[in-house]
Amino acid sequence: MYNKKSGIIGIVITAILLILLVFFSNIKSGSLSYIENVFTNIIMPIQNGYTYLKNKISGNVNFFNNMDTLKQENERLQEENIKLAQDLREMEIMKAENETLKEYLGLTQKYSNYTAIPAYIISKDISNYSKIFVINIGSRDGISEDMTVISDQGLVGHVISVTESTAKVQTIIDTSSAVTASLSHSEDSIICKGSLNNGKLKATYIPTNADIAEGDNIETSGMGGIFPKGIIIGKVKQIENTQNVLDRYAWIEPAVDFEKVETVLVITN
């Protein structure tokens, strides 16, 4: 009987202990959850702020470091660009000088039967009436008035005034210019004058029996005391017939492109 009661009491005590264990276990678990919630609500924002601030500072440092690097790279590239621009200008100058020397050489070879001095044009006064060039040689180079000026393409004009280091050239397309010329296939003389017709020359005093046609070459006749014989002037572009055959005239397209010509020869003999 005692043993049976003792067994019942043991079972009751065991049950009570289990109940208490479960109870205390629940209390502990709840307390931990509460503490964890407090930690999460208080500590985590601080930690997040710290992490954000750390990343921000690190990002700013990287940003400023990158800015310094970009600035240095930009300065280096600017210096390289300046050097490349200088090199390019020097190459362009050398190229221009080389082209000028080649033109001089071509001119002197083409007109080797003349004693001539090469020059380049430093100024162009091209208006409706005046067509004047200034070249970079003058009296100290042996240049004087009335000397003939030619280019690789043909007749340019003649010297009308000289300084010590420059000379002024009246071109054949100047309205006050007149050149005694002839047809390349005959000895018929004509006069070629500057005009206002888009840089063309007006050929007048054409002999009545002269065989002149479009495309004919016109060259200097050697008469008049300025221009040597045989220098190309241009081609016949158009013939204008009139009621009086003595008044007929022709338009001559100059051989020289006066807009583009840059180098010339001054014939000194």
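Let me sum up the structure you'll find in this document. (Residues numbered from 1 in each chain as written. Predicted model: local features only at pLDDT ≥ 70, side-chain atom pairs only at ≥ 80, totals over all residues. Heavy atoms only, no water.)

For the rest of this paragraph, the subject is the overall build of the protein. A tally of regular secondary structure across the protein gives 1 helix and 12 strands. Each helix and strand of the protein, placed in order from N terminus to C terminus, yields the pattern α-β-β-β-β-β-β-β-β-β-β-β-β. Taken over 269 residues, the protein has a buried fraction of 28%. Residue pairs in contact within the protein that sit at least 24 positions apart in sequence constitute 55% of those at least 6 positions apart. Counting only carbon and sulfur atoms, one obtains 57% of the accessible surface of the protein, whose full area is about 17700 Å². (Helix = DSSP H or I, 4+ residues; strand = E, 2+ residues; numbered from the N terminus. Buried < 20%, exposed > 50% of the residue type's maximum accessible area, 1.4 Å probe, protein only. Contact = heavy atoms within 4.5 Å. Areas by Shrake-Rupley, 256 points an atom, 1.4 Å probe, with all protein chains shown as cover.)

Moving on, we come to the nonpolar core. One recurring pattern in soluble globular proteins is that nonpolar side chains are buried together. Ranked by internal contacts, the top residues of the largest apolar core, which has 42 residues, are I135 and I218. For this core, the element with the highest residue contribution is strand 12 (residues 263-267), accounting for 4 residues. Here I218 is in contact with A181, S182, L183, I190, C192, I232, I233, G234, V236 and I252, once residues within four sequence places are set aside. (Core = buried A, V, L, I, M, F, W, Y, C linked by side-chain atoms within 4.5 Å.)

We now examine the side chain of T148. Summarising the element assignment, T148 is placed in strand 3 (residues 148-150). Judged by relative accessible area, T148 falls into the buried class, the value being 3%. When neighbours within four sequence positions are excluded, T148 is seen to be in contact with L155, G157, H158, I226, F227, P228, I231, L265, V266 and I267.

What follows is about the pairing of strand 2 (residues 131-135). The element strand 2 is extensively covered by neighbouring structure, given that 5 of its 5 residues are classed as buried. Burial of the side chains of strand 2 extends over both faces: K131, F133 and I135 are buried on one face and I132 and V134 on the other. Across 5 bridges, the pairing between strand 1 (residues 116-126) and strand 2 is antiparallel. Bridge assignment links I121 to a residue of strand 2, and that residue is I135. Pairing between strand 2 and strand 5 (residues 167-171): 4 bridges, direction antiparallel. Among the inter-strand pairings, V134 is bridged to a residue of strand 5, identified as K168. (Pairing = 2+ DSSP bridges.)

Now for unusual backbone geometry. Most peptide bonds take the trans configuration, and most residues that are not glycine carry a negative phi. The phi dihedral of N198 is positive, around 50°, even though this residue is not glycine. Structurally, N198 can be placed in the loop between strand 7 (189-194) and strand 8 (201-204).

Backbone hydrogen bonds hold the strands of a sheet together, and the pairing may be parallel or antiparallel. On the basis of which strands lie adjacent, the closed barrel formed by 6 strands has the order 6-7-8-11-10-9 and antiparallel pairing. Strand after strand, the sheet turns through a mean of 40° between neighbouring axes, direction not considered. Here strand 9 (residues 217-220) pairs with strand 10 (residues 232-240) via 3 bridges, running antiparallel. Each residue of the ladder has a partner; that of N217, found in strand 10, is K235. (Axes fitted to C-alpha atoms, helices over the stretch in contact; angles between N-to-C directions.)

This paragraph deals with the pairing of strand 8. The sheet contact formed by strand 7 and strand 8 spans 4 bridges and is antiparallel. Looking across to strand 8, one finds that G194 is bridged to L201. Hairpin connection between strand 7 and strand 8: a loop of 6 residues separates the two successive antiparallel strands, and N198 in this loop has a positive phi of roughly 50°. Taken together, the 3 bridges between strand 8 and strand 11 (residues 249-254) define a ladder with antiparallel strand orientation. From the neighbouring strand, K202 faces strand 11, where its bridge partner is W251.

A few words on the environment of G222. Among the structural elements, G222 can be located in the loop between strand 9 and strand 10. With relative accessibility at 36%, the residue G222 sits in the partly exposed group. Along the primary structure G222 and T180 are separated by 42 residues, whereas in three dimensions their C-alpha atoms are 7.5 Å apart. Excluding residues that lie within four positions of it along the chain, G222 makes contacts with F227, P228 and K229.

Right, let's get into the layout of surface pockets. By volume, the largest pocket is sized at about 260 Å³. In terms of lining residues, the largest pocket is bounded by 15 residues, among which K131, I173, N198, G199 and E259 are the most central. Split by residue class, the lining of the largest pocket holds 6 nonpolar, 5 polar and 4 charged. (1 Å grid on protein atoms, 1.4 Å probe; cavity = no way out; pocket = protein on both sides within 12 Å on 5 of 7 lines; lining within 4 Å. Points joined across faces, edges and corners; volume = space filled by probe spheres on them. Nonpolar A, V, L, I, M, F, W, Y, C, P; charged D, E, K, R; others polar.)

The next thing to look at is the sheet that holds strand 4 (residues 155-162). On the basis of which strands lie adjacent, the closed barrel formed by 6 strands has the order 1-2-5-4-3-12 and antiparallel pairing. Between one strand and the next, the sheet's axes are offset by a mean angle of 40°, whatever the strand orientation. Here 3 bridges tie strand 3 to strand 4, and the two strands are oriented antiparallel to one another. Bridge assignment links T148 to a residue of strand 4, and that residue is H158.

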